[in-house]
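One letter stands for each residue in the lines below.
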Number of protein chains: 2
Amino acid sequence: MTTSGTNTALLIIDMQNDAMNMVPSGAEIQPTIKRVLEYSRTNNIPVIHIVRVHRADGVDVERFRSVLFQEKPFLVEGTVGAEIVPELKPITGECIIKKTRFSGFFQTNLQLIISRLGVSTLVICGVQTPNCIRETATDALAYDYAVVLLKDAISAQTREIHEANLFDMQNMGITITTVDAYISSWNQGDQAGNGKP
Amino acid sequence: MTTSGTNTALLIIDMQNDAMNMVPSGAEIQPTIKRVLEYSRTNNIPVIHIVRVHRADGVDVERFRSVLFQEKPFLVEGTVGAEIVPELKPITGECIIKKTRFSGFFQTNLQLIISRLGVSTLVICGVQTPNCIRETATDALAYDYAVVLLKDAISAQTREIHEANLFDMQNMGITITTVDAYISSWNQGDQAGNGKP
């Protein structure tokens, strides 16, 4: 992974086997994410895969989820459940950031990596809208990045939750768009895909 | 401010003059917040006032709000607009944390202060539900604190936004209650006010 020639990076969040069981609608967005992933690879837009992984003993699981984890462990590092789904597997050179909380920024080196890449806009997709997507997006805002959410490449437990969260995030100044519109605006020379070249 | 004899601290967020103009419903919750504030003082529950303040030149304002700020500055440190509303003024010994982003934890020493107090539960009130309340609450979760939101001492631009955000936060494991129920549970010996003494 080298410094990007673009001002944008793609973040794909929590698209792991166990997460697909926890957020069943995640399966539906895999083809959409694959489209923007392949587009990004073709256009040399850096891709960062953000995954949640936990220790087998669960000591790094959120306190409010620890009982749940003890009953049925999830996203344990090294297991098939923690692997990124086959369709979206990282390729050589793509960065993988491991986290243990909702936000991809929380006690990870994501900010450092993005800073080195020299990008100013983060395009975000994955699961799920109210938790890992929103927390990563709002932390990105706090660090003064422009944020673009691909609404058809993000999902939640229900359509209502998904929409209510997109509404809030739009109010915060986050750009909400679709994969097609993003790719189209990029092709038209707006690298940020957000109407602000 | 000394180490607390309780396991709980009260966080009051953004109850400042300019914020009341930005979130008009904030005026309605002042009496409710005052009730829990006075109760906390009487019962030696530590109170932390979290405020948003900006430099007059706005260089520390979120990028997405900087145009808005240049047009009409808000929450500028040292101005009346940045002061806490008269009804909820801090008293000697209460901590004031200054922030420039949604979350009270973002680049402040809030976590350090709470850690020193030795508390495990944070009771949160103020404005507004989808932004500063939610970001502070979810960061508190990430740091493994138990979080209690006083839903009648928190407000947003609309009732729908308020409710949708409470719904999401309840799903994350945050306890949603009222000031009366919180005070009542505290009086019954449940210091966390969340049904988990």
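All values derive from a computational prediction rather than experimental measurement.

## What to know about the overall build of chain A
For chain A, the helix and strand inventory stands at seven helices and six strands. In chain A, the order of α-helices and β-strands from amino to carboxyl end is β-α-α-β-α-β-α-β-α-β-α-β-α. The C-alpha radius of gyration of chain A comes to 16 Å, within 12% of the 16 Å expected for a compact globule of 197 residues. In terms of overall dimensions, chain A has C-alpha extents of about 50 × 35 × 30 Å along its principal axes. The buried share of chain A, taken over its 197 residues, is 59%. Put simply, chain A shows about 8,200 Å² of open surface, and 51% of that area lies on carbon and sulfur atoms.

## Examining the packing of aromatic side chains
All names here are of chain A. Counted by the stated rule, this structure contains 10 aromatic pairs over all chains. With a centroid separation of 6.3 Å and 55° between ring planes, the pair formed by Phe64 and Phe102 is classed as tilted. Here Phe64, found in the loop between β2 (47-52) and α3 (66-71), pairs with Phe102, found in the loop between β3 (95-99) and α4 (110-117); they are 38 residues apart in sequence, far enough to count as distant. Owing to a relative accessible area of 28%, Phe64 belongs among the partly exposed residues under this scheme.

## A closer look at the relation of the copies chain A and chain B
Its rotation angle being 180°, the transformation that places chain A on chain B also includes 0.0 Å of axial translation and leaves an RMSD of 0.0 Å. Interpreted geometrically, this transformation is the action of a two-fold axis. Rotation axis and chain A: the residue whose C-alpha lies nearest the axis is Ala164 of chain A, separated from it by 3.3 Å. Mapped onto chain B, 100% of the interface residues of chain A are again interface residues, and the two copies thus contact each other with one and the same surface.

## Looking at the interface of chain A and chain B
Contacts between chain A and chain B engage 25 residues on the former and 25 residues on the latter. Across the interface of chain A and chain B, roughly 2,100 Å² is buried in total on both sides, 53% from carbon and sulfur atoms. Interface area lost by chain A to chain B is led by Phe64, Asp144 and Met172 of chain A, which between them contribute 24%. Here chain A is connected to chain B by two salt bridges. Where Asp144 of chain A meets Arg101 of chain B, a salt bridge forms, and the shortest distance between an N and an O atom there is 3.2 Å. On inspection of chain A and its partner chain B, the count reaches 14 residue pairs in polar contact (both at pLDDT 80 or more). Here the side of chain A that touches chain B takes seven residues from helix α5 (residues 129-142) of chain A, the largest share from any one element. For the side of chain A that touches chain B, the residue count by class is 12 nonpolar, six polar and seven charged.

## Side note on helix α7 (residues 179-187) of chain A
Residue and element names in this part refer to chain A. Looking at α7, one finds that the buried residues are Val179, Tyr182, Ile183, Ser185 and Trp186. Angularly, the buried residues of α7 cover 165° about the axis, an arc narrow enough to put them on a single face. Lining the buried residues of α7 we find β1 (8-13), α2 (30-42), β4 (121-127), β5 (146-155) and β6 (175-177). Of the residues trailing α7, Gly189 is marked for its positive phi of about 95°.

## Re the packing of α5 of chain A against helix α6 (residues 159-171) of chain A
All names here are of chain A. With their axes 10 Å apart at the nearest point, α5 and α6 run at an angle of 15° to one another. Classified by the angle between their axes, α5 and α6 sit roughly parallel to one another. At the point where α5 passes α6, the crossing takes the right-handed sense. Here α5 contributes Thr129, Pro130, Arg134 and Ala137 to the contact with α6, which in turn contributes Ile161, His162, Asn165, Leu166, Asp168 and Met169. When the residues that make up the contact of α5 with α6 are grouped by side-chain class, the tally is five nonpolar, three polar and two charged.

## Examining the environment of Ser40 of chain B
Residue and element names in this part refer to chain B. Structurally, the position occupied by Ser40 is in helix α2 (residues 30-42). Judged by its relative accessible area of 0%, Ser40 is buried. When the C-alpha atoms of Ser40 and Leu75 are compared, they prove to be 26 Å apart, with 35 residues separating the residues in sequence. Other than its neighbours up to four places away in sequence, Ser40 contacts Leu10, Ile45 and Val47.

## Observations regarding the pairing of β2 of chain A
In terms of residue burial, β2 of chain A counts as a mostly covered element, since six of its six residues are buried. Here β2 of chain A shows two buried faces, one formed by Val47, His49 and Val51 of chain A and the other by Ile48, Ile50 and Arg52 of chain A.

## Here's the deal with the side chain of Asn165 of chain B
Here Asn165 of chain B is to be found in helix α6 (residues 159-171). With a relative accessible area of 0%, Asn165 of chain B lands in the buried category. A polar contact of 2.7 Å, which involves the side chain of Asn165 of chain B, links it to the side chain of Arg134 of chain B. Excluding its chain neighbours within four sequence positions, the residues that come into contact with Asn165 of chain B are Arg134 and Asp168 of chain A together with Thr129, Pro130 and Arg134 of chain B.

The rules we used
- Within each chain, residues carry numbers counting from 1 in the order of the written sequence.
- Labels are handed out in written order, letters beginning with A for the chains and numbers beginning with 1 for the ligands.
- In keeping with the model being predicted, local features are shown solely for residues with a pLDDT of at least 70 and side-chain atom pairs are shown and tallied solely at 80 or more, while totals for entire chains, interfaces and linings include all residues.
- For side-chain calculations, the full set of non-hydrogen atoms in the structure is used, while hydrogens and water are omitted.
- Every helix listed is a DSSP run of H or I at least four residues long, and every strand listed is a run of E at least two residues long, numbered separately from the N terminus.
- C-alpha atoms define the radius of gyration in this analysis, and the globule rule sets the expected value at 2.2 Å times the number of residues to the power 0.38.
- Burial classes follow relative accessibility: with a 1.4 Å probe on protein chains only, a residue under 20% of its type's maximum area counts as buried, one over 50% as exposed, and anything between as partly exposed.
- Per-residue and other accessible areas follow the Shrake-Rupley method at a 1.4 Å probe size, with only the shown protein chains counted as cover for residues.
- Between rings of Phe, Tyr and Trp, where Trp is taken as its six-membered ring, a pair exists when centres lie within 6.5 Å; planes separated by under 30 degrees are stacked, by over 60 edge-to-face, and by other angles tilted.
- Our superposition of the copies is a least-squares fit, built on the C-alpha atoms of residues whose pLDDT is at least 70 in both.
- A contact between two residues is defined here by any heavy atoms of the two lying within 4.5 Å.
- Buried area is calculated as the accessible area (1.4 Å probe) missing from two parts once they are joined, with the contributions of both summed.
- Salt bridges are defined by distance alone: a side-chain nitrogen of Lys or Arg within 4 Å of a carboxyl oxygen of Asp or Glu.
- In protein, a polar contact requires one atom able to donate a hydrogen and another able to accept it; more generally it is a pair of N or O atoms within 3.5 Å, and residues adjacent in sequence count only if both atoms are side-chain atoms.
- Three residue categories are used. Nonpolar comprises Ala, Val, Leu, Ile, Met, Phe, Trp, Tyr, Cys and Pro, charged comprises Asp, Glu, Lys and Arg, and polar comprises the others, including Gly.
- The arc in question is traced by the directions running from the helix axis to the C-beta atoms.
- Angular values range over 0 to 180 degrees, each being the angle between N-to-C directions of two axes fitted as lines to C-alpha atoms, with helices fitted over their stretch in contact.
- Angle categories are assigned with fixed cut-offs, so that under 35 degrees is roughly parallel, over 145 is roughly antiparallel, 65 to 115 is roughly perpendicular, and the rest are oblique.
- Crossing handedness follows the turn of the near helix against the far one: under a right angle anticlockwise gives a left-handed crossing, and clockwise gives a right-handed one.

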